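Next come the chains, spelled out residue by residue.
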Amino acid sequence: MYSLHAQSPSSSVSGLVLDNSGQAVAHATILLKGTPYISHSDEAGRFEMKVPSGAYTLVLSRVGFLEQVLQIRISPGQRLVLNTFRLISQNDLREVEVRGKTDQVLRKEQAFNVNVIDLKGLYNTSGDLNQVMSKVAGVRVREDGGLGSNFTFSLNGFSGRQVKFFLDGIPMDNFGSSLTLNNIPANMAERIEIYKGVLPVELGADALGGAVNLITRSNPNYLDASYGFGSFNTHKASVNYAYTNPKNELTLRTNAFYNFSDNNYKVKVSPIALSGDLAGQRLPEQEVERFHDGYESATMQFEAGIAGRKFADKLLVGVIASGNDKDIQTGVVMDQVFGARTSRSSALIPTLKYKKTDLFTPGLDVSLYTAYNLSTNRFIDTTRLRYNWLQETVPTSTAELNRTQLRNKDNEALLTANLAYRLSEKNSLAFNYVMADFRRKSSDVENPDNLTFRYPQKLNKNVMGLSAQHKTRLFSATLFSKLYMLNAESFEQVQNGTSVPDYAATSTSTSNLGYGAAAAYFVLPQLQMKASYEHTYRLPEAVELLGDALYIRRNSALKPENSDNVNVGALYSFELDQDHRFGLEANYLFRNSKDYIRIDQRQSQPVDRQYINIGDVVTHGVEGELRYSWKNTFRASINATYQNIVDKEEFLTSTNLTGTVTSPNLGYGYRIPNIPYLFGNADLGYTFQKVGAALNTLSLNYSLNFVEKYHFTSAQLGSNNQDIIPAQFSHNLAANYALVNGKYNISLECRNLADNDLFDNYKLQKPGRSLFLKLRYFLSK
C-alpha cells in the first residue's frame, strides 16, 4: 500500500487513462476515497491534482467501464506519477492492467484466513447482513424466526459470543438488540471482513475463533435511499447520505434505517390443549399462524468532522441512536408459546474516530476509535394468562412465565487504539489496545426489594497486542502476542442458616497471555498458500458472568475460554482465453478449545439457567469454494463446509450452595448437539446489458442453501426423529432492473421459493415462501 504524510501543497498525483485499445479516455473521475479531492481526465486522458501527503485509496471510474481501485502513498513534496491506467469496458472483462491491486484483493491475500465481501453489488437486495454472510463458506447463521428474531452466528464451529463483531473497528458486544447484523441493511456498509480463526492484532478482540468487521461507506458525496415491502407485512427503509465540502473539507455523514414486520407466517405444530377433556394432551399436527411475533426497530448514525488536515487524515465525531420493540412468541422450543410477553431496547452511543498517517515522523500511523454506550433493555411479562398455538388461554396466578418488568441499564466505555510503525519497506511493528468497561444497574417495579439489585455488576476488559510483520512481493509473515485481562464485580448466594436467601459481593480477576503466527507465500503467481496458528482466550461476557437478573443466573466462578487454532489453506485463480475466469479456495481448520462456555444442558427449565465451563471441545473441519465468471455477464459459485465438533470432556462439574457436583458427561466422545456439521451454498447470476436503454441493466440471480440433517439433542442418548432437524434446501430468486447507470433501481426477491419447511435452533420453524419488492435511488457526485 502506498500512504500519506503531513500536509504539503507541493505534493501531487498524476496519471494517464486509456481504454484497452490504447485510446485516451476523457472525463474519467479520479477521487481519493474519504476525502474531498477529486479530478477528471482531460481530452488526452491525463489528470493531475494537488493533495496533502499521506495514504489514500484512489478510485478511478467512468460510465461504461469497470471501476478501478489503487492504494497509494505520497511523501511530502512528492509528485507521484502513476503507471498508465487501462480502463476495461464493461462488455470486455479482461485483466486490469494497473499497478497495484484492489483493496478487497489485498485484504484477501493477507496471511490471515479472511473472506472479504464487497457489498457494492448487493445494495439492491432486501437482505440484511446476516443473510449476506450466510452464503460464505464456514458461516452458518441460525435464526429463531423471522425479521428481528434472535440468532446464532456460527463461524467454523465457534458460535455466539465466541465470534466478535465490530463496526469500523469498534466492538459491538453490548450495542443492544436493535443494532445487530440482522437489523443492518447492506446499503449501510462498504464491505464485510470475516476473519476465521486467527485475528490481526489491530482488531484486538478476545475472540475465540473469528471476528466480523463491518466497514461503513466512505464515499465523500452521495445519497442512497430505499424502501421495500413484502410478505408478513414487512417494511424496510434506509437513507445513507454523505457530503464533503471541497473548500473547508468539512464532512457530514448519516446512516438511518427502519424495519417492521408482523412475522405472522404459518408454522406446523401439534398444539397442547389447555381446556376441555383433552386438556394437557397434544393435538394432531396442524398449520397455524404466528400471532404474537411483531418486530419494529430504527437506527440513526450521524457523524461530522474533517479530512485531509495536517493533524488528521480523518477526525469524526458522531452518535448512534437505536431502539426496538419485540413481541416474544416462543421460548427455547416451539411448545413454549407466549401471547403477551415483550422486550424493548434502546441505545445511545457517542463515538469518536481519529486517524493519522506519518504522525510526527514518516512511517508512524495512529488510529483511535472510542465510544460510550448507554443502553436500556426491558423484559415485560405481566399478563396472568397462558397461551397455546390455537390462542386459547387459561388463567395463571402471576404471569405467562415469570412476572417481571425488569429494566437493565447498561453503560459501557469502549476504546480501541492502534499504533503502527514501518521500520523499512518490508518490516513493520504494530501495537493495539482495547478497553471495555461495562456497568449494569437493574430494577424491577414488580420486585422492587430484590436484594440482588443492590450489589455491583461491573466488568472491565483490557486486551493488548503486539505484532511484527515482514512482507515482500511473494511472502508475508506475522508474529504476535496478546495479553487478556479481566476484572469483574458481582455477587453470589451464601448460606446463612435460614430459609431466607443471603448474598455477598464477589470479585474476579484474571490475566492470560496469548500468542501466534501467520504466514502466506505465492508458490505461483496465481497460487497462494497460507498457514496460521494462535493460542487465544475469550473473556466471559456480561450476561455469562453477571447473568441478566431474569433468565440467566450469574456465575462468578466462570473462567475464560481458551483455544489452540490452526488454519491451513490455499487460493488459486486462473483464466481461459481471457473471458473465462476461475477461482478456487480450500481450507483445513483445527480447534482445541478448553473451558468451553455454554448453558448448562442439565438445566431444563427456561429460567434461572447458568453458563458453565464444560472443558474440552475438539474441532476438525474443511471448507472449499469454486468460483467462475464469463466476461461481465455470467457468474457462478459453490461452497461446502464440513465440521466435526466433538465433546472431549469426561466429567462435568458445577458448584451450588451444597458444594461442588461432579457427574459423568454422557456426551463424551460424541458430536456437540444442535450444531450443523455439513452445509453449503450455490449461486448463479446473469446480467443483461443495455435493456431498454444504453445505461440500463437487468440482473437475475438464483441461490441455494443446503443443510444436512443433525440432532438437536445428544444422538447417543436414543434420540428419535422428533429430536432431528431434517435436511433442508432453501431456493431463492432475485431480479434487479437498474436504470440510468444505477440511479434508479427496482428489485424483486422470492425467498424459500419451494416453500420448504426450514428450521434452526431446537427445531424452531422459520418463514415459508416470501416475496419482497425494493425501490432504490442512488446519486453520487
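Definitions and limits used
Residues numbered from 1 in each chain as written. Predicted model: local features only at pLDDT ≥ 70, side-chain atom pairs only at ≥ 80, totals over all residues. Heavy atoms only, no water. Helix = DSSP H or I, 4+ residues; strand = E, 2+ residues; numbered from the N terminus. Rg over C-alpha atoms; globule rule 2.2 N^0.38 Å. Buried < 20%, exposed > 50% of the residue type's maximum accessible area, 1.4 Å probe, protein only. Contact = heavy atoms within 4.5 Å. Areas by Shrake-Rupley, 256 points an atom, 1.4 Å probe, with all protein chains shown as cover. Pairing = 2+ DSSP bridges. pLDDT = per-residue confidence, 0-100. Core = buried A, V, L, I, M, F, W, Y, C linked by side-chain atoms within 4.5 Å. Polar contact = N/O pair within 3.5 Å; in protein donor to acceptor, adjacent residues only side chain to side chain. Salt bridge = Lys/Arg side-chain N within 4 Å of Asp/Glu carboxyl O. Phe/Tyr/Trp six-rings, centres within 6.5 Å; stacked < 30°, edge-to-face > 60°. Lys NZ or Arg CZ within 6 Å of the ring centre and 35° of its normal. Patch = residues over 30% accessible without salt bridge, like charges linked within 9 Å, V, L, I, M, F, W, Y side chains within 5 Å.

1. Things to note about the overall build of the protein
Helices and strands together make up the secondary structure of the protein, namely three helices and 49 strands. Computed over the C-alpha atoms, the radius of gyration of the protein is 27 Å, within 12% of the 28 Å expected from 2.2 N^0.38 for a compact globule of 781 residues. By its C-alpha atoms, the protein is 90 × 55 × 50 Å across when sized along the principal axes. Here the protein holds 781 residues, and 53% of them are scored as buried. Here the contacts in the protein between residues at least 6 apart in sequence split such that 66% fall between residues at least 24 apart. Element-wise, carbon and sulfur atoms account for 56% of the exposed surface of the protein, whose accessible area totals about 33200 Å².

2. Quick word on the sheet that holds strand 38 (residues 609-613)
Across the sheet, which stays open at both edges, the three strands sit in the order 34-38-37 with mixed pairing between neighbours. The open sheet has two free edges, formed respectively by strand 34 (552-553) and strand 37 (597-599), since each of these has just one partner strand. Of the strand pairs in this sheet, strand 37 and strand 38 are connected by three bridges, and their pairing is antiparallel. Following the sheet pairing, Arg-598 is matched in strand 38 by Ile-612.

3. Brief notes about the confidence of the model for the protein
Confidence in the prediction for the protein averages 86 pLDDT; 92% of positions are at 70 or higher. No element of the protein has a lower mean pLDDT than strand 41 (residues 651-656), which averages 66, and none a higher one than strand 48 (residues 744-751), which averages 96. Contacts of residues 1-9 to residues separated by more than four positions or lying in other chains number 52 contacts, the stretch itself having pLDDT below 50. Here residues 91-100 is modelled with pLDDT under 50, and outside its nearest four sequence neighbours on either side it reaches 29 contacts, counting other chains as well.

4. Observations concerning the environment of Gly-204
Note on placement: Gly-204 falls in the loop between strand 15 (189-196) and strand 16 (210-216). Overall, Gly-204 belongs to the buried group, its relative accessible area being 3%. In sequence terms Gly-204 and Ile-170 are 34 residues apart; their C-alpha atoms lie 10.0 Å from each other. Look past the residues within four positions of Gly-204 in its chain and what remains in contact with it is Asn-432, Val-434 and Val-463.

5. Comments concerning the nonpolar core
In terms of nonpolar packing, the biggest core is built from 45 residues, with Met-133, Phe-153, Ile-184, Ile-192 and Ile-194 touching the most fellow members. For this core, the elements supplying multiple residues, two or more each, are helix 2 (129-133), strand 10 (139-143), strand 11 (151-155), strand 13 (164-167), strand 15, strand 16, strand 24 (342-356) and strand 25 (364-381). If we ignore the near neighbours within four places in the chain, the residues touching Phe-153 are Asn-130, Met-133, Val-139, Arg-140, Val-141, Phe-158, Ser-159, Gly-160, Val-163, Phe-165 and Val-212. Grouped together as the second largest cluster of nonpolar side chains are 20 residues, Val-17, Tyr-37, Val-51 and Leu-60 included.

6. Some words on the side chain of Lys-461
Here Lys-461 shows up in strand 30 (residues 458-471). A relative accessible area of 7% places Lys-461 in the buried class. A polar atom in the side chain of Lys-461 sits 3.3 Å from the side chain of Asp-206. The residues contacting Lys-461, other than those within four sequence positions of it, are Lys-164, Asp-206, Val-434, Met-435, Ala-436, Met-485, Leu-486, Leu-539, Pro-540 and Glu-541.

7. Here's the deal with the pattern of salt bridges
Applying the stated criterion across every chain, the model contains 38 salt bridges. Between Glu-303 and Lys-353 there is a salt bridge, and its shortest N-O distance comes to 2.9 Å. With Glu-303 in strand 22 (residues 295-307) and Lys-353 in strand 24, this residue pair connects regions lying 50 residues apart in the sequence. Neither residue differs from the other here; Glu-303 and Lys-353 are each classed as buried. Among the ionic pairs, Glu-625 bridges to Arg-627, the shortest N-O distance being 3.3 Å. Classification of Glu-625 by relative accessible area gives buried; the value is 17%. Given the relative accessible area of 33%, Arg-627 is considered partly exposed.

8. Some words on the packing of aromatic side chains
Tallying each qualifying case throughout the model produces 18 aromatic pairs. On the basis of an interplanar angle of 55° and a centroid distance of 6.5 Å, the ring pair of Phe-475 and Tyr-521 is categorised as tilted. Taken together, the residues Phe-475 in strand 31 (residues 475-494) and Tyr-521 in strand 32 (residues 502-524) connect sequence positions 46 residues apart. Under the relative-accessibility criterion, Tyr-521 is labelled partly exposed at 40%. Connected via pairs of aromatic rings, a cluster forms that spans Tyr-572, Phe-574, Phe-582, Tyr-628 and Phe-634. The residue whose ring lies beneath Arg-341 is Phe-338, and the NZ or CZ to ring-centre distance is 4.4 Å. Between the NZ or CZ atom of Arg-671 and the centre of the ring of Tyr-677, over which it lies, the distance is 4.1 Å.

9. Digging into a nonpolar patch on the surface
Taken together, the side chains of Leu-474, Phe-475, Tyr-521, Val-523, Leu-524 and Met-529 make up a nonpolar region of the molecular surface, amounting to roughly 490 Å² of accessible area. Residue contributions to the nonpolar patch peak at three residues, all from strand 32. Using a relative accessible area of 33% as the deciding quantity, one classes Leu-474 as partly exposed.

10. Quick look at the sheet that holds strand 12 (residues 158-159)
Pairing in this open sheet of three strands is antiparallel, and the strands run 10-11-12 from one edge to the other. The outermost strands of the open sheet, each flanked by one partner alone, are strand 10 and strand 12.

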